[in-house]
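Here is what each chain is made of, one letter per residue.
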Amino acid sequence: GAKALKRNTWMFFTPELAEASRERFTMDTGLRRALDRQELVLHYQPQARVEGSRVFGAEALVRWTTPEGEVIGPGRFIALAEEAGLIHLIGRWVLGEACRQAREWELAGLPLRVAVNLSGLQVVQGDIVGDVRDALEQSGLSPSRLELEITEGFVIGHADEGLDRLNGLRRLGVELAVDDFGTGYSSLSYLTRLPVQCLKIDRSFITDVPGDADDETIVAAILSIAERLGLDVIAEGVENATQLEFLRSLGCPAYQGDYLSPPLTATEFAQRWGAGGLAREA
Ligand code: C2E
Ligand code: MG
Ligand code: MG
Ligand code: MG
């Protein structure tokens, strides 16, 4: 009623909300400029096989370095970019830059597969297949050196409309992975219908293993499903040797996380793993 309306109207002018909307405005215009002024940068987190610790890939993770020198993580601007209609521009930039970098590394004797995170909006709106084809053609990168990560939440919400797109991407020859696997409370039947090759076990299931019996069971179950379906698995967020040992004992094929390395700049990455050093121990 009128009272609620009045209260809401008054609520709108609280300093907190005014501050929040000011930050939104600043972020929105700032993000638009960030693209023009090349303030976005990709960091790369290595991915390694559990057996032998060989680094085979790198996940590209976007950051925004503001003119003031502040580094803003994707958690603070990707959702905003989606709302502001900027995700397609940002997503295309990320694809182009990740492919360019992977091709540069390939030519420098660092043959890595680069993994790029896709926003669900990029897949259902716009022309994702064309965007990926363009990025591959312009960079000269072989499609098998590109993996695209889609989140389980997206897969569940858009299984039908997204399926054609994912099949189109697969026909280009790129690999597809399900990110944050296990967090989506979904029927698992989609795994047999979608053309995905890899499951990334969400960090939340890795944090408390070994020790948390429920999480141990979930990790073991994911590995078992993946093996039966012929899917690769990357465990995310491995922070210590005990977690890695646990994953090894269950036969988990691959991992990434701060224990191996946090995300690095391209320069740092090449310094650490460049020139035939991919098999170097963590
Ligand atoms: P994600 O794809 O699940 O990426 C993994 C996140 O976990 C990254 O955070 C990474 O820095 C962090 N991480 C890796 N290892 C560890 C660890 O051992 N411990 C802990 N505590 N954290 C670890 P980041 O870079 O902040 O990215 C957050 C999310 O933002 C990503 O989650 C991804 O969903 C999204 N994102 C990142 N880059 C892009 C992009 O280019 N496009 C889109 N659409 N989303 C992106
Ligand atoms: Mg990811
Ligand atoms: Mg993830
Ligand atoms: Mg995540």
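As recorded in an unreviewed UniProt entry, the protein chain goes by EAL domain-containing protein and comes from Halomonas urmiana.

A. Quick peek at the packing of aromatic side chains. Considering all chains together, one arrives at four aromatic pairs under this definition. A ring pair is formed by Phe269 and Trp273, whose centres lie 5.3 Å apart and whose planes are at 45°; its orientation type is tilted. Separated by four residues within a single helix, Phe269 and Trp273 lie in helix H13 (residues 266–273), roughly one turn from each other. The same class applies to Phe269 and to Trp273, which are both buried.

B. Structural view of the coordination of the magnesium ion (ligand 2). Bound to the magnesium ion (ligand 2) are the protein donor atoms Glu59 (OE), Asn117 (OD1), Glu149 (OE) and Asp179 (OD), situated 2.0 to 2.3 Å from the metal. The magnesium ion (ligand 3) is placed at 4.1 Å from the magnesium ion (ligand 2), the two being bridged by Asp179. Taken together, the residues span a long stretch of sequence, with Glu59 in strand E2 (residues 55–65) and Asn117 in strand E4 (residues 113–117) at a distance of 58 residues. The exposure class of Glu59 is buried, given its relative accessible area of 3%. Relative accessible area serves as the criterion here: at 28%, Asn117 is assigned to the partly exposed category.

C. A look at the pairing of strand E6 (residues 175–181). With five of seven residues buried, E6 lies mostly within the body of the structure. Pairing analysis gives three bridges linking E6 to strand E7 (residues 198–201), with the strands arranged parallel. Each bridged residue has a counterpart across the sheet, and for Ala177 the counterpart in E7 is Cys198.

D. Layout of the side chain of Asp215. Here Asp215 is to be found in helix H11 (residues 213–229). Beyond its immediate chain neighbours, meaning those up to four positions away, Asp215 contacts Ser204, Phe205, Asp208 and Val209.

E. How the structure looks around the coordination of the magnesium ion (ligand 3). Looking at the metal site, the magnesium ion (ligand 3) is ligated by Asp179 (OD), Asp180 (OD), Glu236 (OE) and Glu236 (OE), spaced 2.2 to 2.5 Å from it. For the magnesium ion (ligand 3), all donor residues lie on one chain, and their spacing in sequence is D-D-x55-E. Judged by relative accessible area, which is 25%, Asp180 ranks as partly exposed. For Glu236, a relative accessible area of 11% puts it in the buried group.

Definitions and limits used
- Residues numbered from 1 in each chain as written.
- Chains lettered and ligands numbered in written order.
- Predicted model: local features only at pLDDT ≥ 70, side-chain atom pairs only at ≥ 80, totals over all residues.
- Heavy atoms only, no water.
- Phe/Tyr/Trp six-rings, centres within 6.5 Å; stacked < 30°, edge-to-face > 60°.
- Helix = DSSP H or I, 4+ residues; strand = E, 2+ residues; numbered from the N terminus.
- Buried < 20%, exposed > 50% of the residue type's maximum accessible area, 1.4 Å probe, protein only.
- Donors = N, O, S within 2.8 Å, 3.2 Å for Na, K, Ca; no water.
- Pairing = 2+ DSSP bridges.
- Contact = heavy atoms within 4.5 Å.

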